[in-house]
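Now for the letters of each chain:
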6 protein chains.
Amino acid sequence: MTKAIYAGSFDPITNGHVDIINRAKGIFDFVYVAVSHNLNKTAFFTIDERISLINGIFKDDPKVECNGLEGLLVDYAQKKGVSILIRGLRAVSDFDVEFQMSLTNRELAPKIDTVFLMTDSKYSYLSSSLVKELVHLKADIEDFVPSHVKDALKEKLK
Amino acid sequence: MTKAIYAGSFDPITNGHVDIINRAKGIFDFVYVAVSHNLNKTAFFTIDERISLINGIFKDDPKVECNGLEGLLVDYAQKKGVSILIRGLRAVSDFDVEFQMSLTNRELAPKIDTVFLMTDSKYSYLSSSLVKELVHLKADIEDFVPSHVKDALKEKLK
Amino acid sequence: MTKAIYAGSFDPITNGHVDIINRAKGIFDFVYVAVSHNLNKTAFFTIDERISLINGIFKDDPKVECNGLEGLLVDYAQKKGVSILIRGLRAVSDFDVEFQMSLTNRELAPKIDTVFLMTDSKYSYLSSSLVKELVHLKADIEDFVPSHVKDALKEKLK
Amino acid sequence: MTKAIYAGSFDPITNGHVDIINRAKGIFDFVYVAVSHNLNKTAFFTIDERISLINGIFKDDPKVECNGLEGLLVDYAQKKGVSILIRGLRAVSDFDVEFQMSLTNRELAPKIDTVFLMTDSKYSYLSSSLVKELVHLKADIEDFVPSHVKDALKEKLK
Amino acid sequence: MTKAIYAGSFDPITNGHVDIINRAKGIFDFVYVAVSHNLNKTAFFTIDERISLINGIFKDDPKVECNGLEGLLVDYAQKKGVSILIRGLRAVSDFDVEFQMSLTNRELAPKIDTVFLMTDSKYSYLSSSLVKELVHLKADIEDFVPSHVKDALKEKLK
Amino acid sequence: MTKAIYAGSFDPITNGHVDIINRAKGIFDFVYVAVSHNLNKTAFFTIDERISLINGIFKDDPKVECNGLEGLLVDYAQKKGVSILIRGLRAVSDFDVEFQMSLTNRELAPKIDTVFLMTDSKYSYLSSSLVKELVHLKADIEDFVPSHVKDALKEKLK
């Protein structure tokens, strides 16, 4: 059984993330979604809230399990016995950041490899940061996140 | 009469921005300059000060009007009855950010389109952030901003 | 009346080109479509055939006129009394080529400026070369070009 | 059993290609290596010679099978019952070409997805074209291709 | 005697920086290493600590001298009588930032020129920020920084 | 005495190349200009004609010597006892090609290093190919090449 890990801060999960998870499910037998702290940015949702928003979509999916991530991703992978990391690529991705992350992980754990999947081009400009910025500006974010995430964002902003 | 909106944080306006406004005036009949809050960065000048610095150049120009921007740019455009947004492209622009912004605006308001103009190559490396960094380092910024902006920067730093 | 020129080799016109022409019509009062020789590549259709394929879409459009282009684009623009050139940008465009072309034209004719429009993201990967390659490989190109262009490609390949 | 296809012109196979095939073997249960014609470039080796050079490495590997590719890659994939395409990414890859190819394949066959693997950074600059250019210039290509490929290149050049 | 300046925030010095300094020593007769404040990021080590970590490697090297940098780099260069600035390029560098910096320096001091050296590809993903992030996550950073820098990082984190 | 080699096809030399040679003269004690065959493109001028056009500028310059280049650049460098290669970077350069070339040369001859110099931004879009294309289209190329090169291009086209 080939398992893979899709890690990120998911603050919050967007339709682009959902698209990648669904593609990953078509390729691998099991997908761990690992929710990490984001050292550089102030969090909007707590790790637990983010996991809960992801579970709102995949809780009953036998091929997906969502957990919080503490420490190094490659350590988490080794603990879970997983050797494949998934990253989503968007046409407007920051490749440099992606390459840095992957080459670093490869240096830290040579047996763990990263595979890149490409999001649907309709999500090519979508990111959690964009969604948060749009919510602040009172934009309609219906096309960008699942509806329970939209509700949680509005609730949080009150 | 074809009107267009050139939005940005203009904190402060640089010679590169002035160049884009002048090019826009050659293409469109009227140009709204919309000064937005910048969610990610600490402002140096207030919105009112920034408008005042822009008006120091274009106040008597019948083809240019400068206002503050609250809320979504596409909402502002719709209120003004304008369907064209202007963005300046520099050889060293961050295209990803430009594309994300334009595709998001197109998703939010499909009838509003973005046109990109290219700055003079002598301004290809110029940005408001650079100007502020140089002022902090006591560099001569004469070639980068209009002289009244230079004075305002020095006054502010005292 | 603001006129603009959209030049290219259009060998053949794709849905991406059609999208740009339609966007240009929403911004400018009149659009010249100028079909140029392509010095670097072997032509598939003659200039006359390419004009004819474009006219198959825009012949009765009072805002569009299609011509062949001999010599320099900026000379053609000056002869037509047009000071705006249009270029389509795709998320996967070759920006370097675009910048080189625009800066060269600006050097040759400083009063003529280039505006960039962004194609619909569903055409972000589409090009005439791709279409020709797919036709060679017997792929279905229905989503990529207007149907009379598809027929012309098949006819040509016989 | 998860199968994947790694297609390319492999004219000739380099150590970078070998690295990607080995990584793919660690992720998937079976890898088809599909050798395609290259429409844009003059071939150095025939398809049969290229298959033979690949078989020189993977002939006895139960997880790898090498074939020639005629027609569309997605048709080949469907015939083989494979829904995963592999592409190698190098830090200095031409992402635009990669995205164009993947988005086109996704348009032609939505159920077939592309995964990108990253080559070892020591091969980040390596390509078949480079190898051929170096051979022409009498450079030592020992670090770039398997030794039997090196011999075949020298033989061919005589 | 040709002297050059390699400026940066070096917070802390990494093996990639050491590689660039060693390459610079092979090209120029003398290399000033100038440690600057970083306006945008919170410092981890003080300027004095960073100089001390650099001196831990190059203190006895007659071709290298390390100093703190206050004010503009081009002013420092002129004071030292140096007309060459060195920048390290990584395959995954942010070229835009590099170009902006170099063109700005050229505007401020036309007689001072920037030369770019390329790091060893094994350091292509390495940066001070990455090192600090990894230390926070308790990763082994042995391959990324000299051992006395590793010790200082651990000491600092206590 | 620090010597460096600036190699290229120079078909023909442009003002951008001249700018790089002049910058290199400010940094190094002696500059070899090496004129190479271009495997991928049809030559416009012969190697001898190109050397002659370069000598038309630098013949009497004691710091510059121009020669034809046969075989590998790193072999030429070793024969001349030179360990520094110069490349010109333009804001719109193809970095991938530059990196590939430099990393390959470093692999072939680890003791030879490449330094990148940045052209004046007014030449950022200039290349020999552009010049040849413009000459074909009867454009005025006065700002792009020295006048004796312009004459030679016109003579050649007759």
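Everything that follows concerns the structure shown earlier in this document.
Below is a summary of the structure that appears in this document.

1. Observations concerning the overall build of chain A
Then, in step 1: Counting secondary structure elements, chain A contains 6 helices and 5 strands.
Then, in step 2: Ordered by position from N to C terminus, the α and β elements of chain A give β-α-β-α-β-α-β-α-β-α-α.
Then, in step 3: For chain A, the C-alpha radius of gyration of 15 Å lies close to 15 Å, the compact-globule estimate for 158 residues.
Then, in step 4: Of all 158 residues assigned to chain A, the portion counted as buried reaches 61%.
Then, in step 5: Relative to all contacts within chain A whose residues are 6 or more apart in sequence, the contacts with residues 24 or more apart total 76%.
Then, in step 6: Counting only carbon and sulfur atoms, one obtains 47% of the accessible surface of chain A, whose full area is about 6,800 Å².

2. Let's talk about the relation of the copies chain C and chain B
Then, in step 1: Superposing chain C onto chain B requires a rotation of 180 degrees together with a translation of 0.0 Å along the rotation axis, leaving an RMSD of 0.0 Å. Here the symmetry operator amounts to a two-fold rotation axis. Residues of chain C ranked by C-alpha distance from the rotation axis are headed by Phe116(C), positioned 2.4 Å from it.
Then, in step 2: Of the interface residues in chain C, 100% have counterparts in chain B that sit at the interface too, so the contact is made through matching surfaces.

3. Topic: the pairing of strand 1 (residues 3–8) of chain C
The side chains of a regular strand alternate between both faces of the sheet.
All names here are of chain C.
Then, in step 1: The buried count for strand 1 comes to 5 of 6 residues, which makes it a mostly enclosed element.
Then, in step 2: By the bridge criterion, 6 bridges tie strand 1 to strand 2 (residues 30–36) in an arrangement that is parallel. Note that in strand 2 the partner of Ala-7 across the bridge is Ala-34.
Then, in step 3: Sheet analysis places strand 1 next to strand 4 (residues 84–89), joined by 2 bridges and oriented parallel. Of the residues in strand 4, the one forming a bridge with Tyr-6 is Ile-86.

4. Comments concerning the sheet that holds strand 2 (residues 30–36) of chain F
Note: strands within a sheet are paired through backbone hydrogen bonds, in either parallel or antiparallel orientation.
Then, in step 1: Read from one edge of the open sheet, 10 strands run 3(E)-2(E)-1(E)-4(E)-5(E)-5(F)-4(F)-1(F)-2(F)-3(F), paired in mixed fashion. Two strands close off the open sheet at either side, each with one partner strand: strand 3 (64–69) of chain E together with strand 3 (64–69) of chain F. For this sheet the average axis-to-axis angle between neighbouring strands, irrespective of direction, equals 30 degrees.
Then, in step 2: Lying on the sheet, helix 3 (residues 73–80) of chain F is in contact with strand 1 (3–8), strand 2, strand 3 and strand 4 (84–89) of chain F; it crosses strand 3 of chain F at an angle near 135 degrees.

5. A closer look at the interface of chain C and chain D
Then, in step 1: On the chain D side, the residues contacting the 16 residues of chain C number 11 residues.
Then, in step 2: Both sides together, the interface formed by chain C and chain D hides about 1,100 Å², and carbon and sulfur atoms give 65% of it.
Then, in step 3: Our count for the contact surface shared by chain C and chain D stands at 0 salt bridges.
Then, in step 4: Inspection of the region where chain C meets chain D yields 3 residue pairs in polar contact (both at pLDDT 80 or more).
Then, in step 5: Here the residues of the side of chain C that touches chain D sort into 7 nonpolar, 4 polar and 5 charged.

6. A short note on the interface of chain C and chain B
Then, in step 1: Listed as interface residues are 22 residues of chain C and, on the opposing side, 22 residues of chain B.
Then, in step 2: Summing both partners gives a buried area of about 2,000 Å² for chain C against chain B, and 68% of it is carried by carbon and sulfur.
Then, in step 3: At the surface where chain C touches chain B, the tally comes to 2 salt bridges.
Then, in step 4: Here Asp113(B) ties to Arg23(C) by a salt bridge, and the two come within 2.9 Å at their closest N and O atoms.
Then, in step 5: Linking chain C with chain B are 7 residue pairs in polar contact (both at pLDDT 80 or more), by the criterion used here.
Then, in step 6: Broken down by secondary-structure element, the contributors of at least two residues to the side of chain C that touches chain B are helix 1 (15–27), strand 4, helix 4 (95–108) and strand 5 (113–118) of chain C.
Then, in step 7: Ranked by the residues each element gives to the side of chain C that touches chain B, the list is headed by strand 5 of chain C, at 6 residues.
Then, in step 8: Of the residues in the side of chain C that touches chain B, the class split is 12 nonpolar, 5 polar and 5 charged.
Then, in step 9: Across 3 bridges, the pairing between strand 5 (residues 113–118) of chain B and strand 5 of chain C is antiparallel. Note that in strand 5 of chain C the partner of Leu117(B) across the bridge is Val115(C).

7. Side note on the environment of Pro146(B)
Residue and element names in this part refer to chain B.
Then, in step 1: Relative to the elements of secondary structure, Pro-146 occurs in the loop between helix 5 (128–136) and helix 6 (147–157).
Then, in step 2: Relative accessible area serves as the criterion here: at 16%, Pro-146 is assigned to the buried category.
Then, in step 3: Look past the residues within four positions of Pro-146 in its chain and what remains in contact with it is Ile-13, Thr-14, Asn-15, Val-18 and Ile-57.

8. Some thoughts on the relation of the copies chain C and chain D
Then, in step 1: Screw-axis analysis of chain C against chain D gives a translation of 0.0 Å along the axis, an RMSD of 0.0 Å, and a rotation angle of 120 degrees. Taken together, the rotation and translation relating the two chain copies correspond to the operation of a three-fold axis.

9. Quick notes on the pattern of salt bridges
All names here are of chain D.
Then, in step 1: As enumerated under the stated definition, the model contains 66 salt bridges over all chains in all.
Then, in step 2: One salt bridge in this structure joins Lys-132 and Asp-11, with 3.4 Å as the shortest N-O distance. Separated by 121 residues along the polypeptide, Lys-132 in helix 5 (residues 128–136) and Asp-11 in the loop between strand 1 (3–8) and helix 1 (15–27) bring together distant segments of the chain. Asp-11 shares its class with Lys-132; the two are buried.

10. Describing the packing of helix 2 (residues 47–58) of chain B against helix 6 of chain B
All names here are of chain B.
Then, in step 1: Running from N to C, helix 2 and helix 6 cross one another at 155 degrees; their axes reach a closest spacing of 10 Å. Classified by the angle their axes make, helix 2 and helix 6 are roughly antiparallel. Across from Glu-49, Leu-53, Gly-56 and Ile-57 in helix 2, the residues of helix 6 making contact are His-148, Val-149, Ala-152 and Lys-156.

11. As for the layout of surface pockets
Then, in step 1: In this structure, the second largest pocket encloses a volume near 440 Å³.
Then, in step 2: As for the second largest pocket, its lining consists of 21 residues, and the residues nearest its centre are Ser121(D), Lys122(D), Asp120(E), Ser121(E) and Lys122(E).
Then, in step 3: At the level of secondary structure, the elements contributing two or more residues to the lining of the second largest pocket comprise helix 4 (95–108) of chain A together with helix 4 (95–108) of chain F.
Then, in step 4: Here the residues of the lining of the second largest pocket are counted per class, giving 9 nonpolar, 2 polar and 10 charged.

12. Overview of the side chain of Glu98(C)
Residue and element names in this part refer to chain C.
Then, in step 1: Tracing the backbone shows Glu-98 in helix 4.
Then, in step 2: Under the relative-accessibility criterion, Glu-98 is labelled buried at 8%.
Then, in step 3: There is a polar contact of 2.7 Å between the side chain of Glu-98 and the side chain of Arg-87.
Then, in step 4: What Glu-98 contacts, discounting residues up to four positions off in sequence, is Arg-87, Gly-88, Leu-89 and Phe-116.

13. Here's the deal with the arrangement of the chains
Then, in step 1: No interface is formed between chain B and chain D, the nearest pair of C-alpha atoms being 13 Å apart.
Then, in step 2: Across the gap from chain A to chain F, with no contact made, the nearest C-alpha atoms are 13 Å apart.

14. Digging into the environment of Asp19(E)
All names here are of chain E.
Then, in step 1: Along the chain, Asp-19 turns up in helix 1 (residues 15–27).
Then, in step 2: Sequence-wise, Asp-19 and Met-118 are 99 residues apart; in three dimensions their C-alpha atoms are separated by 9.3 Å.
Then, in step 3: Ignoring sequence-local partners within four residues, the contact set of Asp-19 consists of Thr-119, Asp-120 and Tyr-123.

15. Focus on helix 2 (residues 47–58) of chain E
Residues and elements named next belong to chain E.
Then, in step 1: Between its terminal C-alpha atoms helix 2 stretches 16 Å, which fits the 16 Å expected from 12 residues at 1.5 Å a residue.
Then, in step 2: Within helix 2 the residues assigned to the buried category are Ile-47, Arg-50, Ile-51, Leu-53, Ile-54 and Phe-58. Seen end-on, helix 2 carries its buried residues on one side only, within an arc spanning 160 degrees. Set apart from the buried face of helix 2 by more than 90 degrees, the exposed residues are Asp-48 and Gly-56.
Then, in step 3: Tucked inside the fold, the buried residues of helix 2 contact helix 1, strand 2 (30–36), strand 3 and helix 6 (147–157).

16. Details of helix 3 (residues 73–80) of chain B
Residue and element names in this part refer to chain B.
Then, in step 1: Inspection of helix 3 places Leu-73, Val-74, Tyr-76 and Ala-77 among the buried residues, and these make up the whole buried set. Mapping the buried residues of helix 3 onto a view down its axis gives an arc of 155 degrees, with all of them on the same face.
Then, in step 2: Along its buried surface, helix 3 packs onto strand 1 (3–8), strand 2 (30–36), strand 3 (64–69), strand 4 (84–89) and helix 4 (95–108).

Criteria and thresholds
Residues numbered from 1 in each chain as written. Chains lettered and ligands numbered in written order. Predicted model: local features only at pLDDT ≥ 70, side-chain atom pairs only at ≥ 80, totals over all residues. Heavy atoms only, no water. Helix = DSSP H or I, 4+ residues; strand = E, 2+ residues; numbered from the N terminus. Rg over C-alpha atoms; globule rule 2.2 N^0.38 Å. Buried < 20%, exposed > 50% of the residue type's maximum accessible area, 1.4 Å probe, protein only. Contact = heavy atoms within 4.5 Å. Areas by Shrake-Rupley, 256 points an atom, 1.4 Å probe, with all protein chains shown as cover. Least-squares fit on C-alpha atoms with pLDDT ≥ 70 in both. Pairing = 2+ DSSP bridges. Axes fitted to C-alpha atoms, helices over the stretch in contact; angles between N-to-C directions. Buried area = accessible area lost by both parts, 1.4 Å probe. Salt bridge = Lys/Arg side-chain N within 4 Å of Asp/Glu carboxyl O. Polar contact = N/O pair within 3.5 Å; in protein donor to acceptor, adjacent residues only side chain to side chain. Nonpolar A, V, L, I, M, F, W, Y, C, P; charged D, E, K, R; others polar. Parallel < 35°, antiparallel > 145°, perpendicular 65-115°, else oblique. 1 Å grid on protein atoms, 1.4 Å probe; cavity = no way out; pocket = protein on both sides within 12 Å on 5 of 7 lines; lining within 4 Å. Points joined across faces, edges and corners; volume = space filled by probe spheres on them. Expected span 1.5 Å × (residues − 1). Arc of directions from axis to C-beta.

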